[in-house]
Amino acid sequence: METQVNRHEQYGDIITAISPLECRLFEQRPRLYLDAAKIETLRGKLTAAPYAKLFDSVRKTADGAAGRQCPTADAKGDLRGVPEQLAALAFAYRMTDDRRYFDAAVQYLRAMAGWPMASWNAGLLGGHLLYGNAVAYDWLHAELDNVTRELVRDRLYTAGKVMFEDFALHRGWM
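What counts, and where the lines are drawn
Residues numbered from 1 in each chain as written. Predicted model: local features only at pLDDT ≥ 70, side-chain atom pairs only at ≥ 80, totals over all residues. Heavy atoms only, no water. Helix = DSSP H or I, 4+ residues; strand = E, 2+ residues; numbered from the N terminus. Buried < 20%, exposed > 50% of the residue type's maximum accessible area, 1.4 Å probe, protein only. Contact = heavy atoms within 4.5 Å. Areas by Shrake-Rupley, 256 points an atom, 1.4 Å probe, with all protein chains shown as cover. Polar contact = N/O pair within 3.5 Å; in protein donor to acceptor, adjacent residues only side chain to side chain. Axes fitted to C-alpha atoms, helices over the stretch in contact; angles between N-to-C directions. Left-handed = near helix turned anticlockwise from the far one by under 90°. Nonpolar A, V, L, I, M, F, W, Y, C, P; charged D, E, K, R; others polar. Core = buried A, V, L, I, M, F, W, Y, C linked by side-chain atoms within 4.5 Å. Parallel < 35°, antiparallel > 145°, perpendicular 65-115°, else oblique. Salt bridge = Lys/Arg side-chain N within 4 Å of Asp/Glu carboxyl O.

Participant: Whenever I open this one, the overall build of the protein confuses me. Can you help?
Facilitator: If you tally the helices and strands in the protein, you get eight helices and zero strands. Starting at the N terminus and ending at the C terminus, the protein contains elements arranged as α-α-α-α-α-α-α-α. In the protein, which comprises 174 residues, the share counted as buried stands at 37%. Long-range pairs, those at least 24 residues apart, make up 70% of the contacts in the protein with a sequence separation of at least 6. When the accessible surface of the protein is totalled, it reaches about 10400 Å², and 57% of it is carbon and sulfur.

Written out as structure tokens, the structure reads:
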């Protein structure tokens, strides 16, 4: 029997804001992987092993991404690493407060939100796009301007809904 998705469900019908998890995280950001306390704890550990070596790797990725424009959706090659660069930029900013990481992350967020929906498909690239953009949106949320916040939120919602429906209806090959 095929699973049916009610096309008339609203976001509030699914996310009810009454579960303990939702109540604990309501209007709290960041909330994906890190909260404000965890960020401060990690900042204090970045110079000691094993954190220093791990963060050095993240910083190298962020430095490379901060030094160039976000690729376009039609760029040659495998684009799955682009959203991971975005997540590295957001993490590097949270750990260092270095504004160039934030500025680059915003540029990446805006650029990827403008990629055609075909790029945000239910395949591997779509999963990477949803992951990298959701993490950066969450970690940078308080400092994003309203236009960027709305642009990214709308793209995450639209693309996430398509991917959810593909999985729920078993349309995706994965």
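Alright, that's what it looks like, and here's the rest.
Participant: Would you mind going over the environment of Arg 94 with me for this structure?
Facilitator: Among the structural elements, Arg 94 can be located in helix α5 (residues 81–96). Taking the C-alpha atoms as reference points, Arg 94 and Ala 36, 58 residues apart in sequence, are found 9.6 Å from one another. Setting aside residues up to four positions removed in sequence, Arg 94 forms contacts with Ile 39, Arg 43, Trp 139, Leu 140 and Glu 143. Looking at Arg 94, its side chain comes within polar contact range of the main-chain oxygen of Trp 139, at 2.7 Å.

Participant: Sorry if this is basic, but what is going on with the side chain of Arg 149 here?
Facilitator: Relative to the assigned elements, Arg 149 resides in helix α8 (residues 146–168). A distance of 3.1 Å separates a polar side-chain atom of Arg 149 from the backbone oxygen of His 141.

Participant: What's the story with the packing of helix α7 (residues 124–140) against α8 in this structure? I'm lost.
Facilitator: A packed helix pair is summarised by two numbers, namely the angle formed by the two axes and the spacing between the axes. Relative orientation of the contacting elements α7 and α8 amounts to 145°, with a least axis distance of 10 Å. Considering the relative orientation of α7 and α8, their crossing is left-handed. Taking contact as the criterion, the partners of Gly 126, Gly 127, Leu 130, Asn 133, Ala 134 and Tyr 137 in α7 are, on α8, Arg 149, Val 152, Arg 153, Leu 156, Ala 159, Gly 160 and Met 163. Here the residues of the contact of α7 with α8 sort into seven nonpolar, four polar and two charged.

Participant: I tried to follow the nonpolar core on my own but got confused; where do I start?
Facilitator: Note on soluble globular proteins: their nonpolar side chains tend to be buried together. In this structure, Leu 89, Tyr 108, Met 112, Trp 115, Trp 120 and Leu 140 are the most contacted members of the largest nonpolar core, which totals 42 residues. Looking at this core, the elements that each hand over two or more residues are α3 (36–43), α4 (51–66), α5, α6 (99–113), α7 and α8. Among residues more than four places away in sequence, those in contact with Met 112 are Cys 70, Val 82, Pro 83, Leu 86, Trp 120, Leu 129 and Asn 133.

Participant: Can you walk me through the packing of α6 against α8 in this structure?
Facilitator: The geometry of α6 relative to α8 is characterised by a closest axis approach of 9 Å and an angle of 45° between their N-to-C directions. Considered as vectors, α6 and α8 are oriented oblique to each other. Of the two elements, α6 crosses α8, and the hand of that crossing is left-handed. For the pair formed by α6 and α8, the contact residues are Val 106, Leu 109, Arg 110 and Ala 113 on the first element and Thr 148, Leu 151, Val 152 and Arg 155 on the second. Tallied by class, the residues present in the contact of α6 with α8 amount to five nonpolar, one polar and two charged.

Participant: Honestly, the pattern of salt bridges in this entry has me stumped. Any pointers?
Facilitator: Pairing between side chains of opposite charge can happen when the charged atoms of each approach one another. If you walk through the whole model with that rule in mind, you get eleven salt bridges. Where Lys 60 meets Asp 56, a salt bridge forms, and the shortest distance between an N and an O atom there is 3.4 Å. Taken together, the residues Lys 60 and Asp 56, both in helix α4 and four residues apart, mark about one turn of the helix. Take Lys 60: its relative accessible area is 58%, and that puts it in the exposed class. Given the relative accessible area of 36%, Asp 56 is considered partly exposed. The residue Asp 98 makes a salt bridge to Arg 100 at a minimum N-O spacing of 3.1 Å. A residue is classified by how much of its surface remains accessible, and Asp 98, at 27% relative accessible area, is partly exposed. Residue Arg 100 is classed as partly exposed on the basis of its relative accessible area, which comes to 40%.

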